[in-house]
Amino acid sequence: MNSSNDLELLLLTLVIFAGSISTVGFPMEFVQLDLDHDHDNLDRLMFGRGFFDGSLTVDPADLHQASVDFGGLTPLPSQGKIMAVLRPGSVNDVVKMVKTAYVSRRGFAVSARGHGHSTNGQARPYSAPGVVIEMSNYNDHETVMMMIMKPNVVIDGGDRGSYVDVWGGELWIDVLKASLEYGLAPKSWTDYLYLSVGGTLSNGGISGQAFNHGPQIANVHELEVVTGKGELLTCSEEQNTDLFHGVLGGLGQFGIITRARIALEPAPQRVRWIRVLYSNFHDFTKDQEYLISLHGKPNRERFDYVEGFVIVDEGLINNWRSSFFSPRNPIKFTSVGANGGVIYSLEITRNYDESTSRVVDQEVEALLKKLNYIPSSVFTSDLPYVDFLDRVRKAELKLRSKGLWEVPHPWLNLFVPKSRIVDFNKGVFKGILGNKTSGPILIYPMNKNK
Ligand SMILES: Cc1cc2nc3c(=O)[nH]c(=O)nc-3n(C[C@H](O)[C@H](O)[C@H](O)COP(=O)(O)OP(=O)(O)OC[C@H]3O[C@@H](n4cnc5c(N)ncnc54)[C@H](O)[C@@H]3O)c2cc1C
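- Going by what an unreviewed UniProt entry lists, the chain is known as cytokinin dehydrogenase and is assigned to Stephania japonica.
- Taken from UniProt, the Cofactor (unreviewed entry) comment for the chain reads in full: "FAD".
- Looking at the chain in UniProt, the text filed under Sequence similarities (unreviewed entry) is "Belongs to the oxygen-dependent FAD-linked oxidoreductase family."

Quick look at the structure:
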């Protein structure tokens, strides 16, 4: 391990599945906006016809839908009641709603919701009753995108290269599809693409490409944001800089992203996807750190994606996320010398296209030679770039068909400094967790300066 380099941190994602789902629905009597009636009869205006281009709903089913998220946990007592859901039909609708809350003497909370795939009610109004603005409106996504903004790809954006302008509620899968029409794609990803642009940009958007390109928030040229006062502002590194940096990774607390300008690169055609196993944690982290130290090198001298996961379950190595292993050829713990202990999988990819396909085998081989994994544990697959990026969707559909997607998902993301990751392995992976979880546990390195 290159222990002298304090710039590197290890990212840990923990997902542990638990029992049955618990949700809260609000009866109609709560559905009364707490507005200042003396101030222009705002509630009458808002519910009146023609105020919004989209729609404001107080239907209990809609309120219920806006109150649940992928975490599926019971809301905290501090979370405010959802009294109405706005499905915007224009940017102006978002402006109007926030301005209404701002000018109302007593005020009410407004929260943006993307695809609702966060946990612990992150997309709900916090501490005060309020309105949820459903930015992704997945009931009628296509119509909304037609009404508000379809992704607009710019191939030659001067100094900025190629980029795409997208609505804040757009899903990453649709950003990908729109960019691919021009042979382009965003550079940095999350493992799952059915998340909204505003949702991941208000968090971070981290995946195996982040060691090289930085997280998704480091690949945005410009944002259009509705601030807490209801102003519509453009912000970037050059303009309204504080707002730009506040909103990126700001958990929706500094404004609502209505448009994002996202950097694009030429889309690779295919991906060589490799997994190797380790029984020794030191070898595993040393190799992960070596691989991310190659960031910025020419493509042929590094991998394009570096992730990894921890297997604490004594059963099969397969789980819903690591569907890479063939179910017809399941791997047993004992076959990789883990002897019932914890094992670690390094997951790496190399992107390529027709022009580089001849040399890709040699280049991958040369990089693998520098690693210290269990020699018999190499699993390789080759697939189109889009299939690789959209890999978790397959697992989602499988789980949905068995009724196993809509269950609670307690979830924890941690950045662990490199100096403490060995202790973490000992205390958590080998200690607290034992073999008590079958949820995915991802562990991968990040360059802090990215
Ligand atoms: C299966 C799965 C895999 C995942 N994989 C990864 C991964 O690899 N890497 C990673 O980084 N994350 C990952 N995540 C986490 C995910 O990126 C975040 O939970 C993200 O916030 C979800 O996006 P969403 O559109 O569902 O947001 P929501 O859950 O709807 O909202 C999340 C937060 O964003 C705010 N927000 C939403 N839209 C806007 C907007 N337009 N403007 C301002 N704020 C807004 C909300 O107010 C809230 O605070 C994963 C989640 C799931 C369910």
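1. Side note on the pairing of strand β7 (residues 163-167)
Part 1: Taken across its five residues, β7 has four buried, putting it largely inside the fold.
Part 2: Here β7 pairs with strand β11 (residues 256-266) via five bridges, running antiparallel. Opposite Val164, over in β11, you have Ile262 as the bridge partner.

2. A word on the site of the ligand
Part 1: Near the ligand you find 33 residues, and of these Gly114, His117, Gly198, Gly199 and Gly252 are the closest.
Part 2: Elements with a minimum of two residues in the shell around the ligand: β4 (109-113), α6 (197-201) and β11.
Part 3: Per-class residue counts for the shell around the ligand are eleven nonpolar, 19 polar and three charged.
Part 4: Residue contributions to the shell around the ligand reach at least three from each of two domains, namely domain 2 (28-141) and domain 3 (149-266).

3. Brief notes about helix α9 (residues 281-292)
Part 1: Along its twelve residues, α9 runs 17 Å from first to last C-alpha, staying within 8% of the 16 Å computed at 1.5 Å per residue.
Part 2: Taken residue by residue, α9 has Phe281, Phe284, Thr285, Asp287, Gln288, Glu289, Leu291 and Ile292 as its buried positions.

4. Examining the sheet that holds β4
What holds strands together in a sheet is hydrogen bonding between their backbones, with the strands either parallel or antiparallel.
Part 1: As summarised here, the arrangement of the four strands in space is β2-β3-β5-β4, forming an open sheet in which the pairing is mixed. On the outer flanks of this sheet lie β2 (55-57) and β4, each paired with one strand and no other. Across the sheet, the mean angle separating the axes of adjacent strands is 25° when strand polarity is ignored.
Part 2: Of the strand pairs in this sheet, β2 and strand β3 (residues 82-87) are connected by three bridges, and their pairing is antiparallel. Bridge pairing links Ser55 to Arg87 in β3.
Part 3: Set on the sheet, helix α2 (residues 60-67) makes contact with β2, β3, β4 and β5 (130-134); between it and β3 the angle comes to about 90°.

5. Quick word on unusual backbone geometry
Part 1: Despite not being glycine, Asn120 shows a phi value in the positive range, around 55°.
Part 2: Here Asn120 is to be found in the loop between β4 and β5.
Part 3: Positive phi, close to 45°, is recorded for Asn240, a residue that is not glycine.
Part 4: Residue placement: Asn240 occurs in the loop between β10 (232-236) and α8 (241-247).

6. Some thoughts on the pairing of strand β13 (residues 305-311)
Part 1: Where burial is concerned, most of β13 is hidden: seven out of the seven residues are buried.
Part 2: Across seven bridges, β13 lies against strand β14 (residues 343-352) in antiparallel orientation. From the neighbouring strand, Val306 faces β14, where its bridge partner is Ile348.

Calculation rules
Each chain has its residues counted from 1, running along the sequence as written. Local features in a predicted model are, by the rule used here, given only for residues with pLDDT of at least 70; side-chain atom pairs are given and counted only at 80 or more, and totals for whole chains, interfaces and linings are based on all residues. UniProt positions are given in the numbering used here, feature names are shortened, and annotations may be inferred rather than shown by experiment. For the exposure call, what matters is how many other C-beta atoms sit within 10 Å of a residue's own: 20 or more marks it buried, 12 or fewer exposed, and in between partly exposed, using C-beta atoms placed from the backbone. By definition, any uninterrupted DSSP run of H or I lasting at least four residues is a helix, any uninterrupted run of E lasting at least two residues is a strand, and each is numbered from the N terminus. Here, any two strands with at least 2 DSSP bridges between them count as paired. Any residue whose C-beta atom, as set from the backbone, lies within 6 Å of a molecule or strand is reported as near that molecule or strand. When residues are sorted by character, Ala, Val, Leu, Ile, Met, Phe, Trp, Tyr, Cys and Pro go into the nonpolar class, Asp, Glu, Lys and Arg into the charged class, and all the rest, Gly among them, into the polar class. Boundary definitions for the domains trace back to an automatic or database domain assignment. To estimate the expected span of a helix, subtract one from its residue number and multiply by 1.5 Å. Axis angles are defined between N-to-C directions and span 0 to 180 degrees, where every axis is a line fitted to C-alpha atoms and, for a helix, only to the segment in contact. Remark: residues whose backbone-derived C-beta atoms lie within 7 Å of one another are considered to be in contact.

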